[in-house]
Every structure is written in structure tokens, then in C-alpha cells.
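So the chains spell out like this:
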Amino acid sequence: MNRQLLQRTFYLLLMIGLASAALAKPAHARPTRPARHGHVSRVQESARARRHMAGMRHARPVAQTRVVLVHTRSGRVVRRAVLVRHRYYEHFSASSFTDSDITQGDVTAGEDPVVRQAAIDALGNMYGTAVAIDPSTGRILAMVNQKLALSSGAEPCSTIKVSVALAGLQEGVVTKDTPQNLGGRYHMNLTEALAHSNNLYFETLGRRLGFERVRHYANSFGLGELAGWNIPGEQLGIYPDQVLPESEGGVGRMCSFGQGISMTPLQLGALVASIANGGTLYYLQHPTTPEQATNFQPRVKRTLEIGNLIPEVSVGMEGAVDYGTARSLHANFNQLPILGKTGTCSNNGTRYGWFASFANTSHGRIVTVFFLEGGRPTFGPKAAELTGVFYHNLWDHSYFAEKLSTDTAAGTAAASPVSQ
């Protein structure tokens, strides 16, 4: 009996020693993943935001297989492989803030001065760009930090889910209410997946669609081609012709947060504008003089067959703002319903924060894309929060009320679009 007790004590001490050695593994040996005047937004994180960011410091858990000795009930000692989970820190080398004038070099003579100032004040001292679009014409009302807005783009992160959702709806693979099995008893529908930006849902949906169908719809929605009409300096985002290797996540990874894809703020803005206006994909145009703004003529790129799908995807985008990943917008604005989609990811030490949205009102809509580059404080919900400041600034300047009054007086006369 004593001998058996001594054996059990010995094996218990041995297991504790092995566990201690595993926990003592240095941080540098752990795997890492690849890491970019009204109300003025000077960033001072609230206590709640600091708690949230403290949790965000740790990326998703990583599991490693280790072999340990296990004492069975029969008294035998066997080797078993077990998963040991730990979390790791992600290092960011880019800064989220800037003391320089990010508007230097912007061409502004043809922009709406109220919209432009609202966007500048919303960005505050964070490094990024803000693009505001009239979805009924494709006119760019304001483009702050045009150098970044017209760049070759960045990984779209979870904003790619809007394109994938439309593809899944168009192909009849899902409806907004179709429960999708994500393993075991875990189910989720499209509305909740958009609102909470669920990666597993869209990885599953992407695999069901397949790369060719996903790419076809992404191209038809304007990804992989210039969004603007003769906008000097606009560069092209890239949608690849080949699927990611399975070792890098395959089509599922491309559909969950856009790995391997480069999207520009203008491309995302044109797509969201087509949702806001009922299915017309306009060429975006940026007037550079008051005369161009006065004589503006819309140019239609193509009409998308998504009119019947818009209510299906809109409820998820509204849910994102009401209770999902973009609910931080309501910290600054709740006077009008806003629909949108966030995105957060990182690459080579730079973190990206996206938020694309539109104000769903009966008296005029405005589409906005806020894109942030930086370090840890940069992420999608922060872009949504700044967008709330933007809408708050417009509201304070009676922007929507003035638009309603002007439209009513003019009989809501609209310019005839030019098809291209």
C-alpha cells in the first residue's frame, strides 16, 4: 500500500515538473501571426475602452501539442498527447496618431465644406482617411487625406463579408435567417454573423460558394478595378485570380477577413453606395472646382441585380451598429439609423481599422468610409466611433435638415445619369 502511494506521489511530482517546464517556455519562442470646427476627436480612451483594449492585446489562443505521462486507474503509466493553450502578444511598430497635417496636398475646391470639416474633426489626431459619398450620384463630397484614400489599398479585413454575404444570398446558398451549422450544436444565421462579424460563419459560407463564385461576385461589385472616373492619382486595389493555398486558409480565409486581397476606400465606398441606393454601381467622381460641382453629371458603371437582396443584408449591417461590432458609434450619435460594417486586421506591424456605413434616412443618405492605419489603438470599432463623431458634426450643422428643405423646395429634381 505504501509502495503504491509512493509511486503515485512520484508520478504526480513528475507531471507537475513537466507542466512547469512547459509554462516556462520563453515568450520569444511562441508563434506569432503577421501583424498599417465641430466636435473634434482627440483620442482619450474611456475606462471601458481601456479594458477592451487590454483584452485585445492578446490575439486568438494558440494550441500546441505536448506529450505528457498519465497514470491510469489500472496503475499503468502511458504517454498521451494533449493540447496546451496559451496566448501571445502581437507587436505593432506603426503609430495610430500623428502630429502632422494629413490634409496637406488635398484638392478641396469642389468638395462640400460642411462634410469635409465634419470628417476632419472626426479623425482628429488619428492617422487615417475619411471618404464621404452621395450614393444617389456617386459624387465624392469629401475626401480627407487623399494620399491615403487614393493609395493601392490594404487588406479589407471583415468588410469583405459584405461582398460574400451578397454572393451567398444571390446564389441562394443562405437567407438572412438560415441557421448555419458551425460545429456541434453551434448555429448562427447571416444577420447575426454580419452584426457580430463572425469569421467561422463566413469561412464556412466561402467554402460552400467556392473561390470562382466568390471572385465573380467580388469583381461585379467593383473589387479589383478602379472605382473612380478620371480621379488623378487613384491606384488599383487587387482581387487575386488564384485562391489562397490551403496552408494559408484557402477561400475561407479570403472570405472571413480578406487575406490576400487589397481593397481601397473608394472601392468599398462604391460598393456600400450601391447598397444604399438600391443597386446602382456608380463611377465615383471627385469635383475639383466649384464649376465641376455645379455641373456634376453622374456616370453609371453598371446596375447590380441586388435590389431584392438589400433588405436581407441591411438588417445585419443595422445590427452591427445597434448591438454588434459597431455599437461604439452610438457613443457619439443616435439621432438617425446607421447601417455599416467594421473590419480589423493587421499586417507586418501595422493594424487596420475599417468602417463603412450609410445613414438610412427618408431625407437623403450619405455613405462614409473611415479607414485607419496604426498600432494597437487602431481597429474597426474605433473607426465606427469616429464615424459617430462625423454624423454628430453633420447633425449639429443641420446638414440633414437643410438637405430635406432643399430637396423639398427643388421638387427633388435629380440629374440624369450617364451610362458608361
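Computed from a predicted structure; not experimentally measured.

Asker: What exactly am I supposed to notice about the environment of Thr137 here?
Answerer: Take Thr137: it is sitting in the loop between β3 (128–134) and β4 (139–144). Taking relative accessible area as the criterion, Thr137 reaches 15% and is therefore assigned buried. Distance in space between the C-alpha atoms of Thr137 and Phe296 is 8.9 Å, their sequence separation being 159 residues. Discounting chain neighbours no more than four positions away, the residues touching Thr137 are Tyr282, Phe296 and Pro298.

Asker: When you look at the sheet that holds strand β11 (residues 367–374) in this model, what are you seeing that I'm missing?
Answerer: In a beta sheet, neighbouring strands are held together by backbone hydrogen bonds and run either parallel or antiparallel to one another. Strand order in this open sheet of 5 strands is β4-β3-β11-β10-β9, and the pairing throughout is antiparallel. For this open sheet the edge positions go to β4 and β9 (338–347), each flanked by a neighbour on one side alone. For this sheet, the mean inter-axis angle between neighbouring strands, taken without regard to orientation, is 10°. Bridge count between strand β10 (residues 350–359) and β11: 8 bridges; the pairing is antiparallel. Bridge assignment links Ser357 to a residue of β11, and that residue is Thr368. Contacts between helix α3 (residues 113–123) and the sheet are confined to β3, β4 and β11, with β4 contributing the most and set at about 35° to the helix.

Asker: I keep staring at the environment of Asp106 and nothing clicks. Help me out?
Answerer: Along the chain, the position of Asp106 falls in the loop between β2 (77–86) and α3. Given a relative accessible area of 13%, Asp106 falls into the buried group. Separated by 182 residues in the primary sequence, Asp106 and Thr288 have C-alpha atoms spaced 10.0 Å apart. Not counting chain neighbours up to four residues away, the residues in contact with Asp106 comprise Arg116, Met143, Val144, Asn145 and Gln146. Looking at Asp106, its side chain comes within polar contact range of the main-chain nitrogen of Asn145, at 2.9 Å.

Asker: It is not clear to me how the side chain of Thr387 should be interpreted in this structure. Could you clarify?
Answerer: Within the element layout of this structure, Thr387 appears in helix α13 (residues 380–396). Those residues within four positions of Thr387 in sequence are excluded, and the remaining contacts are Leu329, Phe355, Ser357, Thr368 and Phe370.

Asker: It is not clear to me how the pairing of β11 should be interpreted in this structure. Could you clarify?
Answerer: Looking along a regular strand, one sees the side chains alternate between the two faces of the sheet. The buried count for β11 comes to 8 of 8 residues, which makes it a mostly enclosed element. Covered by surrounding structure in β11 are Val367, Val369, Phe371 and Glu373 together with Thr368, Phe370, Leu372 and Gly374, the residues of both alternating faces. Pairing between β3 and β11: 6 bridges, direction antiparallel. Counted as the bridge partner of Ala130 is Phe370 from β11.

Asker: Could you clarify how one ought to interpret the pattern of salt bridges in this entry?
Answerer: Pairing is possible between side chains of opposite charge, provided their charged atoms come close. Tallied over the entire structure, the rule returns 8 salt bridges. For Arg116, the salt bridge identified is with Glu111, shortest N-O distance 3.0 Å. Exposure remark for Arg116: the relative accessible area of 9% places this residue in the buried category. Here Glu212 ties to Arg215 by a salt bridge, and the two come within 2.8 Å at their closest N and O atoms. Pair noted here: Glu212 and Arg215 are both in helix α8 (residues 211–220), with a separation of 3 residues, about one helical turn. Because the salt bridges share partners, they merge into one network encompassing Asp106, Glu111 and Arg116.

Asker: Looking at this model, I keep getting lost on α8. Mind explaining?
Answerer: Owing to its 3.6 residues per turn, the α-helix brings residues three or four apart onto one side. Those residues of α8 that fall on the buried side of the exposure criterion are Phe211, Val214, Tyr217, Ala218 and Ser220. Buried residues belonging to α8 abut α5 (160–170), α7 (199–209), α9 (250–257), β7 (280–282) and β8 (299–303). Of the residues flanking the end of α8, it is Gly222, one or two places downstream, whose phi is positive at about 105°.

Asker: Sorry, what's going on with the state of the cysteines here?
Answerer: Disulfide: a covalent bond formed between the sulfur atoms of two cysteine residues. Scanning the model with the defined rule gives 1 disulfide in all. One disulfide in the model links Cys157 with Cys345; its S-S distance is 2.0 Å. Of note, the bridge from Cys157 to Cys345 carries an S-S torsion of about -65° and is left-handed in sense. Linking Cys157 in the loop between α4 (146–149) and α5 with Cys345 in strand β9, this pair joins segments that are 188 residues apart in sequence. Here Cys157 matches Cys345 in class, with each residue buried.

Conventions and cut-offs
Residues numbered from 1 in each chain as written. Predicted model: local features only at pLDDT ≥ 70, side-chain atom pairs only at ≥ 80, totals over all residues. Heavy atoms only, no water. Helix = DSSP H or I, 4+ residues; strand = E, 2+ residues; numbered from the N terminus. Buried < 20%, exposed > 50% of the residue type's maximum accessible area, 1.4 Å probe, protein only. Contact = heavy atoms within 4.5 Å. Pairing = 2+ DSSP bridges. Axes fitted to C-alpha atoms, helices over the stretch in contact; angles between N-to-C directions. Polar contact = N/O pair within 3.5 Å; in protein donor to acceptor, adjacent residues only side chain to side chain. Salt bridge = Lys/Arg side-chain N within 4 Å of Asp/Glu carboxyl O. Disulfide = S-S within 2.5 Å.

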